[in-house]
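Structure at a glance
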Amino acid sequence: MAQLKPIEDRVLVKVLEAEEKTAGGIVLPDNAKEKPQRGRVVAVGNGKLLGDGKRQELSVKSGDEVIFGKYSGSDIKIDGDEFKVLRESDLLAKIG
Amino acid sequence: MAQLKPIEDRVLVKVLEAEEKTAGGIVLPDNAKEKPQRGRVVAVGNGKLLGDGKRQELSVKSGDEVIFGKYSGSDIKIDGDEFKVLRESDLLAKIG
Amino acid sequence: MAQLKPIEDRVLVKVLEAEEKTAGGIVLPDNAKEKPQRGRVVAVGNGKLLGDGKRQELSVKSGDEVIFGKYSGSDIKIDGDEFKVLRESDLLAKIG
Amino acid sequence: MAQLKPIEDRVLVKVLEAEEKTAGGIVLPDNAKEKPQRGRVVAVGNGKLLGDGKRQELSVKSGDEVIFGKYSGSDIKIDGDEFKVLRESDLLAKIG
Amino acid sequence: MAQLKPIEDRVLVKVLEAEEKTAGGIVLPDNAKEKPQRGRVVAVGNGKLLGDGKRQELSVKSGDEVIFGKYSGSDIKIDGDEFKVLRESDLLAKIG
Amino acid sequence: MAQLKPIEDRVLVKVLEAEEKTAGGIVLPDNAKEKPQRGRVVAVGNGKLLGDGKRQELSVKSGDEVIFGKYSGSDIKIDGDEFKVLRESDLLAKIG
Amino acid sequence: MAQLKPIEDRVLVKVLEAEEKTAGGIVLPDNAKEKPQRGRVVAVGNGKLLGDGKRQELSVKSGDEVIFGKYSGSDIKIDGDEFKVLRESDLLAKIG
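Report on the accompanying structure.

Analysis parameters
Residues numbered from 1 in each chain as written. Chains lettered and ligands numbered in written order. Predicted model: local features only at pLDDT ≥ 70, side-chain atom pairs only at ≥ 80, totals over all residues. Heavy atoms only, no water. Helix = DSSP H or I, 4+ residues; strand = E, 2+ residues; numbered from the N terminus. Buried < 20%, exposed > 50% of the residue type's maximum accessible area, 1.4 Å probe, protein only. Contact = heavy atoms within 4.5 Å. Areas by Shrake-Rupley, 256 points an atom, 1.4 Å probe, with all protein chains shown as cover. Polar contact = N/O pair within 3.5 Å; in protein donor to acceptor, adjacent residues only side chain to side chain. Pairing = 2+ DSSP bridges. Salt bridge = Lys/Arg side-chain N within 4 Å of Asp/Glu carboxyl O.

**A closer look at the overall build of chain A**
The helix and strand inventory of chain A stands at 0 helices and 8 strands. For chain A, buried positions account for 55% of its 96 residues. Put simply, 66% of the contacts in chain A that link residues at least 6 apart link residues at least 24 apart. Accessible area for chain A stands at about 4200 Å²; split by element, carbon and sulfur atoms hold 46% of it.

**Some remarks on the side chain of E65 of chain D**
All names here are of chain D. Relative to the helices and strands, E65 resides in strand β5 (residues 65-69). In this structure E65 comes out as buried when scored by relative accessible area, which is 14%. Within polar-contact distance, the side chain of E65 engages the side chain of R38 at 2.4 Å.

**Details of the pairing of strand β4 (residues 36-44) of chain E**
Residues and elements named next belong to chain E. Judged by how many residues are buried, β4 sits mostly within the fold: 7 of 9 residues are covered. Examined bridge by bridge, strand β2 (residues 10-15) and β4 share 5 bridges and lie antiparallel to one another. Counted as the bridge partner of V13 is V41 from β4.

**What to know about the pattern of salt bridges**
With the rule as written, the count across this model stands at 43 salt bridges over all chains. Here E65 of chain E and R38 of chain E are joined by a salt bridge, their closest N and O atoms 2.4 Å apart. Residue E65 of chain E is located in strand β5 (residues 65-69), and its partner R38 of chain E is located in strand β4; the two are separated by 27 residues in the primary sequence. The structure contains a network of salt bridges with shared partners spanning R38, R40 and E65 of chain A.

**A short note on the environment of K54 of chain C**
Residues and elements named next belong to chain C. Secondary-structure assignment places K54 in the loop between β4 (36-44) and β5 (65-69). With a relative accessible area of 56%, K54 lands in the exposed category. Taking the C-alpha atoms as reference points, K54 and V66, 12 residues apart in sequence, are found 26 Å from one another. Once residues lying within four places of it in the same chain are set aside, the contact partners of K54 are K48 and L49.

**A few points about the environment of G63 of chain F**
Along the chain, the position of G63 of chain F falls in the loop between β4 (36-44) and β5 (65-69). Ignoring anything within four residues of it in the chain, the contact list for G63 of chain F reads R40 and V41 of chain F.

**Quick notes on the pairing of strand β6 (residues 74-78) of chain C**
Residues and elements named next belong to chain C. Here β6 shows one buried face, formed by S74, I76 and I78, and one open face, formed by D75 and K77. Two elements, β6 and strand β7 (residues 81-87), share 5 bridges in a ladder whose sense is antiparallel. What sits directly across from K77, in β7, is E82. Between β6 and β7, which follow one another and run antiparallel, lie 2 residues, and D79 among them has a positive phi close to 50 degrees.

**Comments concerning unusual backbone geometry**
Only a minority of non-glycine residues have a phi that is not negative, and only a minority of peptide bonds are not trans. The backbone phi angle of E8 of chain A is positive, close to 55 degrees, even though this residue is not glycine. Relative to the helices and strands, E8 of chain A resides in the loop between β1 (4-6) and β2 (10-15).

Keep in mind these numbers describe shape, not what the thing actually does.
As structure tokens, then:
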């Protein structure tokens, strides 16, 4: 899964079952207005360029479980699994 | 409830009953144009990246009671309770 | 009234009677295109974050009488009185 | 007239007769696409906050005769006279 | 003509006959998609405020012949002649 | 292929077969909402101008295999092959 | 042709035949979604103002052959030939 390297502030996320309860009992309702979805980060970009020529450090890393809007980002299928390429700012929260 | 860690300038807020009067007598009318809602902050992000590579410090913290537009942010249900993930700039005011 | 603390560059304003003439004879016509309204500032935020990590100082303070567009900001009712939470940039002018 | 203090980069302008010729013979046609209007500045704001915490100095001052788009800004009536609260950038030019 | 002083990055331009050929043979077709028009600069603003509190220097000056989009800016009539108040960035090119 | 030099932060990409599986088994579904497409970078621009007058360094280089939205950028045909000129920010991820 | 001097980051481009193959075999298809067009730069502006008061240096110069979106910029006819005034960022790539 490491062969996809997101660009800039993007992250590659494996989409997890939306209905499935997390250990902490979080439910992401399918009928919510913005339909947040759950996923696991599998790769992160090198960050956006800052004004001084350095790149930002992303606040998530591989392995993090995250939630994000269902209609955010781009869908990609790898070996039958669904993935998303999202900008970090499309992520709502880390779980755990 | 601490297992959801908002990203950047986002906050996780437990939605409180809109009709309920606060100690100070604040009523958030259900028929107002922008329908402000009341909630309690349960987790805050690490702040947005500033130009110099540092991150901003949010002006609310866990435990703060806040009001915000009813249609702001994303709805999440945890163990039957309703939560919102909001950007700090979606918050209108702290109560108390 | 001090128990509502606006966030960032927001101000809490008690809405005054629009038809009432001010001491200086200012009339805010009800049929004007943008319908300016009159109010008294009762609380101000701590200002927006500046690039250098400091916060701006707002140019209005509690007690100031201000005018603003009728449809700006969010309506809140406290003990039967009408209030607005507005961004400072939604304010048009201070009176007096 | 000095009791209205515009906020930030706003100016308070007394609207002058649009049809009236200026000394220099300027006519602001009533049927023009953007309908520029003529007025006299009666109060100016303290300027927008700059990045370094200072405030800009406005390029008009009380007494200046200016032109601006008819549909710019907010209308206010004081003692029967018509005024506008405009942002400085809504002003097109100074006369004289 | 010098009695109109444009604000910030604006310029006052006397509109020239669109059909007329320039010395260099430039034709500004009346049926082009964006309909560029020809004019002569008669006054320029003091430039936009830069981050450090200085003002930019405009890249056109009084007397310059310029072209600009027919629908850019605001129309003003002075002593029977047509003028435009345009932002410098609405200008496409200087002629000559 | 080196005779096309993209401007600023643009890259020239040879479009690869969308249906074709990559070595890592990545499938880019033709019926996905944003329809990501696969391609090989053949030329990159000199980067956007930064605030200090330097130019950014792009995070992809010639030879990189990338994915991007099907409807991003501009299509160009060279000797019967399809190419895209894309901004770097239109790229979703590098493969490999 | 040197009598038209583009403003800021604009370039003056002589439009070349779209159907014509370039030496390198580049075809710019007339039926492409964004319809890139080919042209030769005949004049460039002095660049946009940077934050420090200097002006950017454009990355194309007179004589460069470029491609750009057919619907970008403004059309001008000079002595029967078609020209475009484009912003540098409307240019997709240099040829050769």
